[in-house]
Structures are given as structure tokens and as C-alpha cells.
Amino acid sequence: HLTGEVRFPGRYALTSKDERISDLIARAGGLTNEADANAAFFSRTRANTAFAAQTVNERVRTRVGVDLDRALRRIGSEDDLILIDDDSLHVPFR
């Protein structure tokens, strides 16, 4: 899921197992002029059992630290996270 200040926000299917944040932003037409990449936030869904002893079927959305500005400047770096199913990125208005 990609929301906020990108040219074409929406739900995107991953095209490869190594698709990164920069790839998704490019597919969405890039950031708008009003985007604040420094305030972007990324979240990932994981099983609760990864964090606590609860049932396997429960899922929780976890906010993951990401420096979007750096990820877009250093494509392919460790800042440019590899995406997995149900990841979410929101780029707020400046």
C-alpha cells in the first residue's frame, strides 16, 4: 500500500522478490513536489508470535524505521528496504 504524496497512490503488487522502496516509488510516478520524504513512515505486518506468545493467526502492524530520502538517494542500499507482501508506506504533505 502506498499513500500520500506520490503521483499515483494505491495498492501495488510486488513484481519480484527483491523489489525495493525505490522501485515502488518509481512505479508510482515518484514523489510530488509537496512530499516530505523525511516524515514518511513505513509499516509491516507480522505475526504476533514474533513478539509475544500469542496465537499464530493473529497479525500486528509494526512501524519500521525508514529514511525515505536516503533510500531514494542511495538506491539498492540497506536504507532502500526490500518489500514483502502487505507492507505500507505513507508519504505525508510537507
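No experiment lies behind these values; they were computed from the predicted model shown. (Residues numbered from 1 in each chain as written. Predicted model: local features only at pLDDT ≥ 70, side-chain atom pairs only at ≥ 80, totals over all residues. Heavy atoms only, no water.)

1. Section: the overall build of the protein
The helix and strand inventory of the protein stands at two helices and four strands. The N-to-C order of helical and strand elements in the protein reads β-α-β-β-α-β. Counting across all 94 residues of the protein, residues that qualify as buried make up 34%. Across the protein, every contact between residues at least 6 apart in sequence was considered, and the portion connecting residues at least 24 apart equals 60%. Accessible area of the protein: about 5,900 Å², with a carbon and sulfur share of 49%. (Helix = DSSP H or I, 4+ residues; strand = E, 2+ residues; numbered from the N terminus. Buried < 20%, exposed > 50% of the residue type's maximum accessible area, 1.4 Å probe, protein only. Contact = heavy atoms within 4.5 Å. Areas by Shrake-Rupley, 256 points an atom, 1.4 Å probe, with all protein chains shown as cover.)

2. Looking at the side chain of Thr32
Within the fold, Thr32 resides in the loop between helix H1 (21-27) and strand S2 (41-47). For Thr32, a relative accessible area of 14% puts it in the buried group. Of note is the side chain of Thr32, whose polar atom sits 2.8 Å from the side chain of Glu5. (Polar contact = N/O pair within 3.5 Å; in protein donor to acceptor, adjacent residues only side chain to side chain.)

3. As for the pattern of salt bridges
In total, this model carries six salt bridges according to the counting rule given. In this structure, Asp86 engages Arg61 in a salt bridge whose closest nitrogen and oxygen atoms are separated by 3.4 Å. Of the two residues, Asp86 is situated in the loop between helix H2 (68-73) and strand S4 (88-91) and Arg61 in strand S3 (residues 59-64); the sequence distance between them amounts to 25 residues. A relative accessible area of 37% places Arg61 in the partly exposed class. The partner of Arg70 in a salt bridge is Asp79, and the shortest N-O contact between them spans 3.7 Å. (Salt bridge = Lys/Arg side-chain N within 4 Å of Asp/Glu carboxyl O.)

4. Points about the nonpolar core
Considering soluble globular proteins, one finds that nonpolar side chains tend to be buried as a cluster. The biggest cluster of nonpolar side chains holds 15 residues, and the ones touching the most others in it are Leu2, Ile21, Ile25, Leu68, Leu89 and Val91. Of all the secondary-structure elements, those providing two or more residues to this core are H1 and S4. Per-element tally for this core: the top contributor is H1, with three residues. Apart from residues no more than four positions distant in its own chain, Ile21 is found in contact with Phe42, Val66, Leu68, Asp80, Leu81, Leu83 and Leu89. (Core = buried A, V, L, I, M, F, W, Y, C linked by side-chain atoms within 4.5 Å.)

5. Some words on the side chain of Thr45
Looking at the secondary structure, you find Thr45 in strand S2. For Thr45, a relative accessible area of 10% translates into the label buried. Here the side chain of Thr45 touches Arg61 through a polar contact of 2.9 Å, side chain to side chain. What Thr45 contacts, discounting residues up to four positions off in sequence, is Arg59, Val60, Arg61 and Asp86.

6. Quick word on unusual backbone geometry
With a phi close to 75°, Asp86 is a non-glycine residue in the positive phi region. Accessibility expressed as a relative area gives 37% for Asp86, which makes it partly exposed.

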